[in-house]
Amino acid sequence: MPEPLPAAAPQAVAKTGLIGCIESRPRAAFGAFLALHFMVWTALPALLYANLPLDLIEALTYGREWQLGYDKLPPLPWWLVEIMHRLFGTDAAYYALAQAVVVIAFALVWATARPLVGATGALVAVLIVDGMHYFQYTAVKFNHDVIQLPFWALAGFAFHAALKRGRLIHWLLLALAFGGALWAKYFVVVLAAPYALFVLFDREARAALATPGPWLALAVALIIASPHVIWLFQTDFLPFAYAEHRAAPVRGWFDHVLHPAFFTASQIFFALPSLFIAAALLWPKPKTRQEIAADAFDRRIVTLIAFGPGLAMIALIAVSGRGTFAMWGYPLWLYLGVWIVMVARAALEADRLKRVVGAWGAVFASFAIVFLANYSVLPYFDHRYRAVFFPGDKLGEMLTQRFHAATGQPLRYVIGTMWDGGNLAHYSPDQPQVLIDGLPQRAPWISLDDLRKRGAVVVWTEHDPKELPTQFAAIAPGADVGAPFDLPMRRGTGAVHIGWAILKPQ
């Protein structure tokens, strides 16, 4: 078992300043970093987003139904958002949830790295990966990509600890990571496959197969995942139709080359700020090497958890030929910083540490400034549509009032797209349910008989506002179309053209 690096010898003169504090108290410095990250990236969207983004509107539409599965993705992040809604009911709570998830993932990465490269090296490893926008700029929109992070980080921590120490508790943590990852997103196969192959083909790792640990982990992971797996079988794997629809079709043999190449290029591009931070660790070339506790087996494990899932993802794209989204790389590179610090073995003296912290500070501040400008200044100049300025509050208030006036009853149902209907439902004081896209199969928890009995508001923004769209007319025949109206965006310029109708109680 690798031991933590020995602490530096006592200094005759107490170290002062930021770098001195980091050198003498790296654990406290890591805690301060987590607090700063959490506060900044919770406050920025809470202050600048006037309307919830699509991912959170979607979460609030689905989560309230408490289903074991939905037509798009697994339910875990939607359940968590609904819990935050019931506990706090404020937008800031959802942004805090996103950053809590990121902070937990960082803490697990740090815990994995500390016995290998020391507390200061572990801090540097996390600073490096924090340069990726996955963990800050885009993580504010809590969704299935973000919720993967703690499970994937836990998998790396538990896998390394289980192979090195052989304790059942670590195998059980690995089971929790794999089982939970399935409830987060179906990418768990990209996580599990390289880990399984490593255990099979690495000589030292293969010895674990003679112990109960891996088999117990497999059984417990299946138990954790089983309620959702059973639901998948019962619904003919309904969410996979969504994934099939989202992935670009294969046009020919060249897609087996182009699609993985484009995905790889996108991940390298997203990693450039992290590589900039890492460059401060590697340049100028270290004259002395840091003695670290990691042995050859540690290095193989860290290499696997740093690159295995990413390579598995690229291989999957190459084999299938299907196109993907660059944002699907969210959890793949959590351990990149640990690998860089472990391989570089650069002595973390004050000057080098100062350059690393300075590079990270520049990247962190740049992301924050760009975020601030994008949502406070640019809307008045570039006239670009931003969903977080959608007038959802006015939409919910006005159409709820019109339904009350027309029927004298509370609004219980909305028929519309996820965005239009979800906004109306969330911001309505009556908190109605949404018949998504007017399709019963997308909201099987809604009784059409009850919908017709109680009535509904139909809302749309992407068609002629004076005519009821065909897809909604089929489910709400006889709905009375109201006079369309415009609502100004909540910041910047532009307006949203609202078409609406009332299906009166029958």
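Keep in mind the model is a prediction, meaning the values are calculated, not measured. (Residues numbered from 1 in each chain as written. Predicted model: local features only at pLDDT ≥ 70, side-chain atom pairs only at ≥ 80, totals over all residues. Heavy atoms only, no water.)

What follows concerns the nonpolar core. In terms of nonpolar packing, the biggest core is built from 160 residues, with Phe159 and Leu281 touching the most fellow members. With 25 residues, helix α5 (residues 91-129) is the largest single contributor of residues to this core. Setting aside residues no more than four positions away along its own chain, Phe159 makes contact with Leu174, Tyr195, Phe198, Val199, Ile301, Leu304 and Ile305. In this structure, Ile415, Ala443, Leu468 and Phe472 belong to the second largest nonpolar core, which totals 16 residues. (Core = buried A, V, L, I, M, F, W, Y, C linked by side-chain atoms within 4.5 Å. Buried < 20%, exposed > 50% of the residue type's maximum accessible area, 1.4 Å probe, protein only. Helix = DSSP H or I, 4+ residues; strand = E, 2+ residues; numbered from the N terminus. Contact = heavy atoms within 4.5 Å.)

Attention shifts here to helix α7 (residues 168-184). For an α-helix, 3.6 residues make a turn, and residues three or four places apart therefore share a direction. With 17 residues, α7 should reach 24 Å at 1.5 Å per residue; the first-to-last C-alpha distance of 24 Å fits that figure. Among the 17 residues in α7, twelve count as buried, and that is most of the element. His170, Trp171, Leu174, Ala175, Ala177, Phe178, Gly179, Gly180, Ala181, Leu182, Trp183 and Ala184 are the residues of α7 that are buried. As for α7, its buried residues are in contact with α4 (76-87), α6 (144-165), α8 (188-201) and α10 (213-234). (Expected span 1.5 Å × (residues − 1).)

Model confidence for the protein chain is summarised by a mean pLDDT of 92, while 96% of its residues fall at 70 or above. Low pLDDT, under 50, characterises residues 1-14; the stretch is placed with 16 contacts to residues that sit more than four places away or in other chains. (pLDDT = per-residue confidence, 0-100.)

On to the packing of aromatic side chains, then. One pass over the structure, following the stated rule, counts 38 aromatic pairs. Centroid distance Tyr186 to Phe240: 5.0 Å. Interplanar angle 25 degrees. Geometry classified as stacked. Remark: Phe240 occurs in helix α11 (residues 238-246) and Tyr186 occurs in the loop between α7 and α8; sequence separation between them is 54 residues. In this structure Tyr186 comes out as buried when scored by relative accessible area, which is 15%. Look at Phe240 and you get partly exposed, because its relative accessible area is 38%. (Phe/Tyr/Trp six-rings, centres within 6.5 Å; stacked < 30°, edge-to-face > 60°.)

Our next topic: the packing of helix α3 (residues 54-63) against helix α17 (residues 418-427). Close contact between α3 and α17 brings their axes to 9 Å; oriented N to C, the two are set at 65 degrees. The orientation of α3 with respect to α17, classified from their angle, is roughly perpendicular. Between α3 and α17 lies a crossing whose hand is left-handed. Of the residues in α17, those in contact with Leu54, Ile57, Glu58, Leu60, Thr61 and Tyr62 of α3 are Met418, Trp419, Gly422, Asn423, His426 and Tyr427. Classifying every residue of the contact of α3 with α17 by side-chain character gives seven nonpolar, four polar and one charged. (Axes fitted to C-alpha atoms, helices over the stretch in contact; angles between N-to-C directions. Parallel < 35°, antiparallel > 145°, perpendicular 65-115°, else oblique. Left-handed = near helix turned anticlockwise from the far one by under 90°. Nonpolar A, V, L, I, M, F, W, Y, C, P; charged D, E, K, R; others polar.)

Moving on to the pattern of salt bridges. Following the criterion strictly, the structure yields 17 salt bridges and no others. The closest approach of N and O atoms between Lys164 and Asp295, which form a salt bridge, is 2.8 Å. Remark: Asp295 occurs in the loop between α12 (255-282) and α13 (296-320) and Lys164 occurs in helix α6; sequence separation between them is 131 residues. The salt bridge involving Arg300 is made with Asp202; its shortest N-O contact spans 2.6 Å. Here Arg300 is found in helix α13, whereas its partner Asp202 is found in the loop between α8 and α9 (203-206), with 98 residues between them in sequence. One network of salt bridges, in which partners are shared, links Asp71, Asp437 and Arg442. (Salt bridge = Lys/Arg side-chain N within 4 Å of Asp/Glu carboxyl O.)

Next up on the list: the environment of Ile230. By the secondary structure assignment, Ile230 is in helix α10. By relative accessible area, Ile230 is classed as partly exposed at 47%. Distance in space between the C-alpha atoms of Ile230 and Gly69 is 9.9 Å, their sequence separation being 161 residues.

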